[in-house]
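Breakdown of the fold
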Amino acid sequence: MRRILLAALAFAAAPVLAQQSAPVIAYDSVPNFLKLPKDLYLGEVTGVAVNSKGHVFVFSRGNTSGPAYAAAAAQLLEFSPSGKFIREIGKNLYAWSFAHTVRVDAKDNIWITDKGSDMVVKFNPQGRVEMVFGRKQEASDEDTAPLKHPKPPLPAEIGRFRQVTDVTWDPAGNAYISDGYINSRVAKVDKNGDWVKSWGDRGNKPGEFNTPHSIAADAKGNIYVADRGNRRIQVFDGEGTFLREIRIDVPYSSNARPVIGAIPDVAKLEAAGSPLTMAPGAPWAVCITPGPNQVLYTSDAFPGRIYKLSLDGKVLGVLGESGKQLKQFGWVHEIACPSENVLYVAELLNWRIQKLILHP
């Protein structure tokens, strides 16, 4: 009896590990949801967000200009709830370089993160710039060039970002910025835009990151970070105190194939200490539905699924697979989840948005 009790206590103390088999969620994809005007095209779609009126914002690596290498590739478009094109926001904006994510806050302000310019920009609902965070490299500087990835990494600076990835907010209006491909931290700024603090560094321990790629907050102000290279979601309070981690390890079909590249050999990647970006369950995107009964959606590149989780990490269902057809996914880069059963997904490889209607 004592052994059973000790085993139970040990199990309860373990990190959240979402490894159980999960029900498959039935769903439909709305055909040809976005109605693009003549001569307007999407590139790799990196971001999608929805405001309180149901308008859909799409951040794409379209409207590309410049040389084949290091070209500027970012365009922000707005569509009606039915998918009708409304406008382009921020045409030729100084921060446009390499699109990453778009988010809409509780007051319908539109925020973008641009990995190439290292900037976060806040637009008001009318589409005018209200605040900017970070700073783009000066084009006139003789040393301006793509950022390097030194080992060990350079110390992070207050107020600057290195290949920033995403942004979210707590109920008090504080913003949390995931930063990023070179820096490995979360930055916090208050509702006035003043820098508060940052936490994290490169590594695989609790509170460390290997490409914090996406970020979301729940109704209590807890912060969920897609620590993609470490194949986990880390959860913190608003001050950066580590609360728990969630790892997804749901079985998948032996017939599953990636859209690009070979099937990842997770054991070899782990043995080599390589990032687990392409491993099953590595979170590329995180989205939390509105209350009162919130759930979390996340995605991986292989086997190309979307996962529905409770906030404590239990997998409630899975949907999708890699591919190019409707209801298949090619690297879901961001998810908008305005309700539990309606999702919008931005795909890099298929250059599109899909609107999904779930039937759990």
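Here, the structure is the one placed above.
Since the structure is predicted, the reported quantities are computational estimates derived from the model, not experimental observations.

1. Concerning the overall build of the protein chain
A tally of regular secondary structure across the protein chain gives two helices and 25 strands. In terms of its C-alpha atoms, the protein chain occupies a principal-axis envelope of roughly 70 × 45 × 40 Å. Charged side chains of the protein chain number 41 positive and 36 negative; the gap between the two group centres comes to 4 Å.

2. Some words on the pairing of strand E9 (residues 119–123)
Burial analysis of E9 places five of its five residues in the buried class, the great majority of the element. Alternating positions in E9 separate into two faces, Met 119, Val 121 and Phe 123 on one and Val 120 and Lys 122 on the other, with burial throughout. In this structure, strand E8 (residues 110–114) lies alongside E9, joined through five bridges in antiparallel fashion. From the neighbouring strand, Thr 113 faces E9, where its bridge partner is Val 120. Taking the residues between adjacent antiparallel strands as the criterion, E8 and E9 are bridged by four residues, where Asp 118 takes a positive phi near 65 degrees. Pairing of E9 with strand E10 (residues 129–133), which is carried by four bridges, proceeds in the antiparallel orientation. What sits directly across from Lys 122, in E10, is Met 131. The hairpin formed by E9 and E10 contains five residues between the paired strands, and Gly 127 there has a positive phi angle of roughly 95 degrees.

3. Some thoughts on the packing of aromatic side chains
Taken as a whole, this structure holds 14 aromatic pairs when the rule is applied. A ring pair is formed by Tyr 176 and Trp 199, whose centres lie 6.3 Å apart and whose planes are at 65 degrees; its orientation type is edge-to-face. Residue Tyr 176 is found in strand E12 (residues 175–179), and its partner Trp 199 is found in strand E14 (residues 195–199); the two are separated by 23 residues along the sequence. No difference in accessibility class separates Tyr 176 from Trp 199, as the two residues are buried. Centre to centre, the rings of Tyr 252 and Phe 302 are 5.3 Å apart; their planes meet at 80 degrees, and the pair counts as edge-to-face. Here Tyr 252, found in the loop between strand E18 (242–248) and helix H2 (266–272), pairs with Phe 302, found in the loop between strand E20 (296–299) and strand E21 (306–309); they are 50 residues apart in sequence, far enough to count as distant. By way of ring pairs, the aromatic residues Tyr 176, Trp 199, Phe 209, Phe 236 and Phe 242 are connected into one cluster. The positively charged end of Lys 115 is found above the aromatic ring belonging to Tyr 181, 3.8 Å away from the centroid. Against the face of Trp 284 rests Arg 228, its NZ or CZ located 4.3 Å from the ring centre.

4. A short note on unusual backbone geometry
Cis geometry marks the peptide bond from Gly 291 to Pro 292; its omega dihedral reads 5 degrees. Its location among the elements puts Pro 292 in the loop between strand E19 (285–288) and E20. With omega at 5 degrees, the peptide bond leading from Phe 302 into Pro 303 counts as cis. Although it is not a glycine, Asn 92 sits at a positive phi angle of roughly 60 degrees. If you trace the backbone, Asn 92 turns up in the loop between strand E6 (85–89) and strand E7 (99–104). In this model, Thr 211 sits at a positive phi of 70 degrees, which is unusual for a non-glycine residue. Residue placement: Thr 211 occurs in the loop between E14 and strand E15 (212–217).

5. Observations concerning the state of the cysteines
As enumerated under the stated definition, the model contains one disulfide in all. Covalent S-S linkage joins Cys 287 and Cys 337, the inter-sulfur distance amounting to 2.0 Å. Sign of the S-S torsion, about -100 degrees for the bond between Cys 287 and Cys 337, identifies this disulfide as left-handed. Residue Cys 287 is found in strand E19, and its partner Cys 337 is found in strand E23 (residues 332–339); the two are separated by 50 residues along the sequence.

6. Focus: the layout of surface pockets
Its boundaries defined by the atoms lining it, the largest pocket holds a volume of some 1,000 Å³. Lining the largest pocket are 40 residues, and of these Val 104, Asp 105, Ala 106, Thr 168 and Trp 169 sit closest to its centre. Elements that contribute at least two residues to the lining of the largest pocket include exactly strand E3 (45–50), E7, strand E11 (164–169), E15, E19 and E23. Among the elements that take part in the lining of the largest pocket, E23 stands out by supplying five residues, more than any other. Its residues placed into classes, the lining of the largest pocket shows 22 nonpolar, eight polar and 10 charged. The calculated volume of the second largest pocket comes to roughly 640 Å³. Surrounding the second largest pocket, 24 residues form its lining, Ala 70, Ala 71, Ser 97, Phe 98 and Gly 116 being those nearest its centre.

7. Focus on the sheet that holds strand E13 (residues 185–189)
Read from one edge of the open sheet, four strands run E11-E12-E13-E14, paired in antiparallel fashion. Looking at strand neighbours, the two that pair on one side only are E11 and E14, the edges of this open sheet. Pairs of neighbouring strands in the sheet enclose a mean axial angle of 20 degrees, with direction left out of account. Pairing of E11 with E12, which is carried by five bridges, proceeds in the antiparallel orientation. When the sheet's bridge partners are listed, Trp 169 is paired in E12 with Ala 175.

Criteria and thresholds
Residues numbered from 1 in each chain as written. Predicted model: local features only at pLDDT ≥ 70, side-chain atom pairs only at ≥ 80, totals over all residues. Heavy atoms only, no water. Helix = DSSP H or I, 4+ residues; strand = E, 2+ residues; numbered from the N terminus. Lys, Arg positive; Asp, Glu negative; His and termini not counted. Charge placed at Lys NZ, Arg CZ, Asp CG, Glu CD. Buried < 20%, exposed > 50% of the residue type's maximum accessible area, 1.4 Å probe, protein only. Pairing = 2+ DSSP bridges. Phe/Tyr/Trp six-rings, centres within 6.5 Å; stacked < 30°, edge-to-face > 60°. Lys NZ or Arg CZ within 6 Å of the ring centre and 35° of its normal. Disulfide = S-S within 2.5 Å. 1 Å grid on protein atoms, 1.4 Å probe; cavity = no way out; pocket = protein on both sides within 12 Å on 5 of 7 lines; lining within 4 Å. Points joined across faces, edges and corners; volume = space filled by probe spheres on them. Nonpolar A, V, L, I, M, F, W, Y, C, P; charged D, E, K, R; others polar. Axes fitted to C-alpha atoms, helices over the stretch in contact; angles between N-to-C directions.

Remember that the coordinates give geometry; whether it matters functionally is a separate question.
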